[in-house]
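For reference, the chains in residue letters:
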Amino acid sequence: MPRVNRTIVLSLLVISSSVFLLFQLYYYRKYVGKAGPHILSRTGHLTSSDVQWQTVKKFLALAQRFRLPMFLADTAALGLLSQDALRQRDRQVREPHCSFLCTDRPITSFAVYANLWKYDPGFLLAAEQKGFELLQLRGEDPRLASLDTLSGEEIPLHFLLRLNGHVIQVVFLYERSGNYLWHGALRLRAHADRSFAPFKMLDYGRHAGVYDRPQLVLTVLDGLDVQVPHNISRFLSEQRHARFLECRYRDAHNFLQLFPDDSSAAAVDFRRKAKSLLHVAARTLALLDIPFWLSSGTCLGWFRQCGIISYSRDVDVGIFIRDFRWDIVAAFRNAGLSLKHKFGKVRKVLSELWCFILMGCVYFMLSK
């Protein structure tokens, strides 16, 4: 039997090991070594779902580390959380999967209560160290504006954090004096990078919006601890109709310079009662889940002078005919407003029903 040359064997082992190591290095650099997620799909390639889940996971870990109470506000993800969607997915998928956070959209939206946000540069630094790119969008604080003072102070409105092409949008919700939550519009400055995110696909920012404060619950989605609104359908409904128009303080200030408001005791008392009546109407219609709007002179007063027209002597609101229900009368009666007059017929109304209850009972209320 011929004697084996140990040098040749050793050389072959070294060569084969080198080839194997080079192959591993190539595989790592091509599929795993890039900054970001390190979980591969069954095909050995990173998928959009892998990227989205890993990006959300890293973001939530940062938020938890800095104790930022984020909650999921993404309309696509929340839409998947309905009971019908849950049952359908349970029937179709029988294996571990990313069902709710992986929406195949390049953006995932979260919201944070701004009063709980304490500007911590450590959070932004940690996000940068994790590979996130950050775009901060700020705007003027409307809570400090009035007819006498136009504040120029800026506050954070939106954060956009990008990692591996996926964007996390953080919407700041501010408490306003009417006991509601407000977020500002997203406006890019002249020097801003307009390719940073697909801005037209953002759920929030095309316009300012307002919301009732949602009750939040902690749940587990796709293996991650996430806070979500308790009443998801109501939150999504609010999101669709959340557009907010700020009072035009400059125009109102100019108008009142030419036509000063009536400051008599009777006018001041009327404006106080009218605002109280509007609060009653808003609260009552909200309990019935009926949207309404200011109309006629009440709307003109808000639009023109950011207030109540004292000589109008009534309060006007409207609702769509499709939202009309006869229990509106009972609801207002329980709120202390009785029906005084009824005009027209429901079946023959053209496009909308003026809220006849308030138009009649306002005289009763304001005469007390």
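All figures in this text were calculated on a predicted structure; none of them were measured in a lab.

Rules used throughout
Residues numbered from 1 in each chain as written. Predicted model: local features only at pLDDT ≥ 70, side-chain atom pairs only at ≥ 80, totals over all residues. Heavy atoms only, no water. Helix = DSSP H or I, 4+ residues; strand = E, 2+ residues; numbered from the N terminus. Buried < 20%, exposed > 50% of the residue type's maximum accessible area, 1.4 Å probe, protein only. Contact = heavy atoms within 4.5 Å. pLDDT = per-residue confidence, 0-100. Salt bridge = Lys/Arg side-chain N within 4 Å of Asp/Glu carboxyl O.

### Some remarks on the side chain of aspartate 203
Tracing the backbone shows aspartate 203 in the loop between strand 6 (180-183) and strand 7 (209-211). Taking the relative accessible area as the measure of exposure, aspartate 203 reaches 11% and is therefore buried. Contacts of aspartate 203, omitting those with residues within four sequence positions, involve Ala73, Asp74, Thr75, Arg105, Ser109, Gln169 and Gln239.

### Topic: the confidence of the model for the protein
Residues with a pLDDT of 70 or more make up 78% of the protein, whose mean pLDDT is 80. No element of the protein has a lower mean pLDDT than strand 12 (residues 352-354), which averages 45, and none a higher one than strand 1 (residues 71-72), which averages 95. Between residues 350-364, whose pLDDT stays under 50, and residues either more than four places distant or in other chains, the model counts 45 contacts.

### A few points about the pattern of salt bridges
What the rule picks out here adds up to 13 salt bridges. Of the charged contacts in the structure, one is a salt bridge between aspartate 212 and arginine 234, with a shortest N-O distance of 3.3 Å. Placement of the pair is aspartate 212 in the loop between strand 7 and strand 8 (216-221) and arginine 234 in helix 6 (residues 232-240), with a sequence separation of 22 residues. Assessed through its relative accessible area of 37%, aspartate 212 is described here as partly exposed. For arginine 272, the salt bridge identified is with aspartate 269, shortest N-O distance 2.6 Å. Residue arginine 272 and its partner aspartate 269 are both found in helix 8 (residues 265-287); the two are separated by three residues, about one turn of the helix. A residue is classified by how much of its surface remains accessible, and aspartate 269, at 29% relative accessible area, is partly exposed. Taken together, the shared-partner salt bridges in this structure form one network comprising Asp74, Arg105 and Asp203.

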